[in-house]
Amino acid sequence: MDNLKITQTKFGMFKPMSKEERQEVHSNPFGINFKGNVLAADVFESSKAKEATEASASTNPFAKMTNKSKMVASAVVGSMNSFNEAFRSRVNSIISFGKQIKDNIVNSWEFAKNTEIKLDFKGLTESIASKFNNQYSVNNLLKRPVDDLGEMFAQEHLAYTESLKA
Amino acid sequence: MKTINKIDNIIEALCKHEDPKSVSILEEIGTNSEIDEIREKTAHALIRKNTPESLRVVVASSGKGINDLSARVAMSSINEILSLNDKTEVLKVLEETMNSEEKSEVKDTARSVKALITYSM
C-alpha cells in the first residue's frame, strides 16, 4: 500500500482567492472598480477580435497577456498616478500650511513688539472688591443689625411697589 | 443690582438672622405686602426659619401663609412646609392651631395640612 505524503496532497480548497480571481465574479459589466479606479474595460469582446488576438499571439509575446492581466496592469498604473497626485497635493498643502504659520509668527512678533503691556491693579482691585463688597449680598446683610435690615426692606419694598405701578 | 434681587437678599438675611425681631419685621412688611411675589418669598423665609414664632405667622394667622387669599401663595407655603426636613415644630403649631379659638377656616386649613404631612411622611 502506498504511503500518503503531505507534500503530495493538495490543499487547493484552503487556497485563498487572489484579487484577480475575485474580479471574475464581478457583476458590473461597464467597468471594474479596482481600488477606486474605474477601468473602462470592454468586457463584451467580439469573437472575431478574440480570434485575431489568438492568431497574433504566436508572433507577438505581449499579445499573450490576458484581458484579466491587462486590467490589473492598468489598475496598477492608475493607482500609481493617483498616488502621485495625492502625494503632490499633500506636499503642497504642507508647504502652504508652513508658510501660513511663518506669516502668523512674523505678524504676532510685530504685534508683540508694538504692544505695551499694562496692568491696571487699581481697576482690578476695584472690580474684585465690587463683587465681594456688595452691600446687598446676604453675607454682608447678616452682619447688620435687624433694625437696619427692616429699614432697608421697607425702602426697597416701597421702591419696588412704585416701579410696578409706573 | 435689581430691586427684586435686593429684596430677595434682605428676606434671606432676615430668615438667617438669629434675632427674634426678624420675625416681626418679616411679618410686618413681608406678609402684609400687596405684591403676591413678596408675600410668597416672606412665607417661605418664615417657614425655613422653623421656629414656633415664625411658623405661627404662616399657619395660625388669617390671610397669611397657608391661609393667604392668593392660591399661589397658599399652595407654595404648603409645599415649603412639606419640604421641611424637621417637621416636629410645624406639627406642634398645626396641632395648637386646630385646638385654638381661631376662625374655623384657619382650623380647617391647619387640619388639612397636618393630614398632608402625615400622609407624606
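Scroll up to find the structure.
Source: prediction; values computed, not measured.

Moving on: the overall build of chain A. Helices and strands together make up the secondary structure of chain A, namely six helices and two strands. When its helices and strands are written in sequence order, chain A yields α-β-β-α-α-α-α-α. The buried share of chain A, taken over its 166 residues, is 5%. Of the contacts formed within chain A by residues at least 6 apart in sequence, a portion of 50% connects residues at least 24 apart.

We now examine the interface of chain A and chain B. Across the boundary between the two partners, chain A contributes 18 residues, which contact 20 residues of chain B. Of all the secondary-structure elements, those providing two or more residues to the side of chain A that touches chain B are helix 5 (138-142) and helix 6 (146-165) of chain A. When its residues are assigned to classes, the side of chain A that touches chain B shows twelve nonpolar, five polar and one charged.

What follows covers helix 4 (residues 52-60) of chain B. Within the span of helix 4 of chain B, buried status applies to S54, L55, V57, V58, V59 and A60 of chain B. On the buried face of helix 4 of chain B, the contacting elements are helix 2 (21-31), helix 3 (36-49), helix 5 (71-82), helix 6 (88-98) and helix 7 (104-120) of chain B.

For the rest of this paragraph, the subject is the nonpolar core. Within the largest apolar cluster, 35 residues are counted, with the highest numbers of intra-cluster contacts made by L149 of chain A together with I10, L14, L46, V58 and V59 of chain B. Sorting the residues of this core by element identifies helix 6 of chain A together with helix 1 (3-16), helix 2, helix 3, helix 4, helix 5, helix 6 and helix 7 of chain B as the ones contributing at least two each. Tallying contributions element by element places helix 1 of chain B first for this core, with six residues.

Before going further, it helps to spend a moment on the environment of L142 of chain A. Here L142 of chain A shows up in helix 5. With sequence-adjacent residues up to four places away left out, L142 of chain A is seen in contact with A13, K16 and H17 of chain B.

Most of helix 2 of chain B sits out of view: eight of its eleven residues are buried. All of the buried residues along helix 2 of chain B are S22, V23, I25, L26, E27, I29, G30 and T31 of chain B. Of the surrounding elements, those touching the buried residues of helix 2 of chain B are helix 6 of chain A together with helix 1, helix 3 and helix 4 of chain B.

Angle between the axes and distance between the axes: these two values describe a pair of packed helices. All names here are of chain B. Look at helix 4 against helix 6: their axes get within 10 Å of each other, and the N-to-C directions meet at 50 degrees. As the angle between them shows, helix 4 and helix 6 are arranged oblique. Here helix 4 and helix 6 pass one another in a crossing that is right-handed. Along the contact surface, helix 4 presents P52, L55, R56, V59 and A60, while helix 6 presents E89, V90, V93, L94 and T97. A per-class count over the contact of helix 4 with helix 6 returns seven nonpolar, one polar and two charged.

All right, on to the packing of helix 3 of chain B against helix 5 of chain B then. Residue and element names in this part refer to chain B. Two elements in contact, helix 3 and helix 5, have axes separated by 9 Å at closest approach and are oriented at 20 degrees. The angle between helix 3 and helix 5 falls in the class roughly parallel. With respect to the hand of their crossing, helix 3 and helix 5 are arranged in right-handed fashion. In this structure, helix 3 contributes D36, R39, E40, A43, H44 and I47 to the contact, and helix 5 contributes R72, V73, S76, S77, E80 and I81. A per-class count over the contact of helix 3 with helix 5 returns four nonpolar, three polar and five charged.

Looking now at unusual backbone geometry. All names here are of chain B. Its identity is not glycine, yet N50 carries a phi of approximately 60 degrees, on the positive side. With respect to the element layout, N50 can be found in the loop between helix 3 and helix 4. For N50, a count of 17 C-beta atoms within 10 Å puts it in the partly exposed group.

Here is what the cut-offs are and how they apply
Numbers given for residues are sequential positions, taken from 1 along each chain in its written order. Labels follow written order: the first chain is A, the first ligand is 1, and so on. The predicted origin of the model limits local features to residues at a pLDDT of at least 70 and limits the giving and counting of side-chain atom pairs to 80 or more, whereas totals for whole chains, interfaces and linings rest on all residues. Secondary structure counts use DSSP, requiring at least four H or I residues in a row for a helix and at least two E residues in a row for a strand, with both numbered from the N terminus. Any residue surrounded by 20 or more other C-beta atoms within 10 Å of its C-beta is treated as buried, while 12 or fewer makes it exposed and the intermediate range makes it partly exposed; C-beta atoms here are placed from the backbone. Contact criterion: two residues are in contact if their C-beta atoms, reconstructed from the backbone, are within 7 Å. Under the scheme applied here, ten amino acids are nonpolar (Ala, Val, Leu, Ile, Met, Phe, Trp, Tyr, Cys and Pro), four are charged (Asp, Glu, Lys and Arg), and all others, including Gly, are polar. Nonpolar core, as used here: buried Ala, Val, Leu, Ile, Met, Phe, Trp, Tyr and Cys residues forming one set through C-beta atoms within 7 Å. A fitted line through C-alpha atoms represents every axis, and for helices the fit uses only the stretch in contact; the resulting angles, taken between N-to-C directions, go from 0 to 180 degrees. Should an angle fall under 35 degrees it is called roughly parallel, over 145 degrees roughly antiparallel, and 65 to 115 degrees roughly perpendicular, with every other angle called oblique. Helix crossings get a hand from a simple test, with the near helix turned counterclockwise from the far one by less than a right angle marking a left-handed crossing and a clockwise turn marking a right-handed one.

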